[in-house]
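Structural overview
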Amino acid sequence: MTAEGPYSRLDDDDYPAYTIGRAAEMLGTTQGFLRAVGEARLITPLRSEGGHRRYSRYQLRIAARARELVDQGTPIEAACRIIILEDQLEEAQRINAEYRRGAESVNSPPEV
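The shown structure was predicted, so the numbers you read here are calculated from the model rather than taken from an experiment. (Residues numbered from 1 in each chain as written. Predicted model: local features only at pLDDT ≥ 70, side-chain atom pairs only at ≥ 80, totals over all residues. Heavy atoms only, no water.)

What about the layout of surface pockets?
- The calculated volume of the largest pocket comes to roughly 260 Å³.
- The wall of the largest pocket is formed by Leu42, Tyr58, Arg61, Ile62, Arg65, Ile83, Ile84, Glu86, Asp87 and Glu90.
- Elements with a contribution of two residues or more to the lining of the largest pocket: α3 (57-71) and α4 (76-107).
- For the lining of the largest pocket, the element with the highest residue contribution is α4, accounting for 5 residues.
- Looking at the lining of the largest pocket, its residues break down into 5 nonpolar, no polar and 5 charged. (1 Å grid on protein atoms, 1.4 Å probe; cavity = no way out; pocket = protein on both sides within 12 Å on 5 of 7 lines; lining within 4 Å. Points joined across faces, edges and corners; volume = space filled by probe spheres on them. Helix = DSSP H or I, 4+ residues; strand = E, 2+ residues; numbered from the N terminus. Nonpolar A, V, L, I, M, F, W, Y, C, P; charged D, E, K, R; others polar.)

Here you go:
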């Protein structure tokens, strides 16, 4: 079997493999919770041809983080905003580190 075989999507974190019912069951939450994080624009599930929500493993990890915050008493809208800001901070830090590495290589003396 090749990497492009029929099971190649099993390792794809972005493949929308889970229905809303299965996703809620896996997270130990309700379908309403998943709809709420979608309405807060934290995650946007893809839709099947029939219009049903489908979630990826990546989206489930994000929803699980939101669930942790909500379980700690954070309102769902605030939890979603916190996660979005954490993601933006992580991306900014990654870009900053790349710039630093680039600046260090430009400013370092040539090897002899």
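A closer look at the pattern of salt bridges
- Enumeration according to the criterion identifies 8 salt bridges in this entry.
- We note a salt bridge from Arg57 to Asp13, for which the minimum N-O separation is 3.2 Å. Highlighted residues: Arg57 in helix α3 and Asp13 in the segment before β1 (18-19), separated in sequence by 44 residues.
- Given a relative accessible area of 28%, Asp13 falls into the partly exposed group.
- Two residues, Arg94 and Glu91, come together in a salt bridge whose shortest N-O distance is 2.5 Å. Of this pair, Arg94 and Glu91 both sit in helix α4, 3 residues apart, which is roughly one turn of the helix.
- Owing to a relative accessible area of 38%, Arg94 belongs among the partly exposed residues under this scheme. (Salt bridge = Lys/Arg side-chain N within 4 Å of Asp/Glu carboxyl O. Buried < 20%, exposed > 50% of the residue type's maximum accessible area, 1.4 Å probe, protein only.)

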